[in-house]
Amino acid sequence: MKPVLDAVVKLVNTIRSRGLTHRQFRDFLRSVQSEYSDVLYYTKVRWLSAGCDFERVWQLKDDIVSFFHEKQCSSECEMLEDTEWLSDFAFFTDLLCHMNNLNVKM
């Protein structure tokens, strides 16, 4: 599952770490009237809450693909168009969400 983790972290960091790209992404989400206004920032220190981060990326995956296609940077999100990778991503997201819920209950 490390390749999925690394790919999602790289994707989120690509969006969040560059100020202009981050502002453009938030504006894009507002323009398409998305349910969410931003992606959550993943850090290794808060790895127990990674389920929330991955769930947000999962729910915004179509908007992320549209955003990068609009910017002509489709290489950044090509894994979000691969069905095999998406099935691994969905499984890992579900697993992390269950771990997050268990952590909160403890």
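The rules we used
Residues numbered from 1 in each chain as written. Predicted model: local features only at pLDDT ≥ 70, side-chain atom pairs only at ≥ 80, totals over all residues. Heavy atoms only, no water. Patch = residues over 30% accessible without salt bridge, like charges linked within 9 Å, V, L, I, M, F, W, Y side chains within 5 Å. Areas by Shrake-Rupley, 256 points an atom, 1.4 Å probe, with all protein chains shown as cover. Salt bridge = Lys/Arg side-chain N within 4 Å of Asp/Glu carboxyl O. Helix = DSSP H or I, 4+ residues; strand = E, 2+ residues; numbered from the N terminus. Buried < 20%, exposed > 50% of the residue type's maximum accessible area, 1.4 Å probe, protein only. Lys, Arg positive; Asp, Glu negative; His and termini not counted. Polar contact = N/O pair within 3.5 Å; in protein donor to acceptor, adjacent residues only side chain to side chain. Contact = heavy atoms within 4.5 Å.

Visitor: Tell me about a nonpolar patch on the surface, and name the residues and values.
Guide: On the surface, Met-1, Phe-91, Leu-95 and Met-99 cluster together into a nonpolar patch covering about 370 Å² of accessible area. By the element assignment, Met-99 lies in helix H5 (residues 83–105).

Visitor: I'd like a description of the side chain of Arg-56, backed by residues and values.
Guide: As for its placement among the helices and strands, Arg-56 is situated in helix H3 (residues 50–59). No salt bridge forms around the buried Arg-56; measuring N to O, its nearest opposite-charge neighbour Asp-38 is 6.8 Å away. Here Asp-38 takes part through its backbone oxygen, which lies 2.8 Å from a polar atom of the side chain of Arg-56. Among all residues touching Arg-56, those that are not within four sequence positions of it are Tyr-36, Asp-38, Val-39 and Leu-40.

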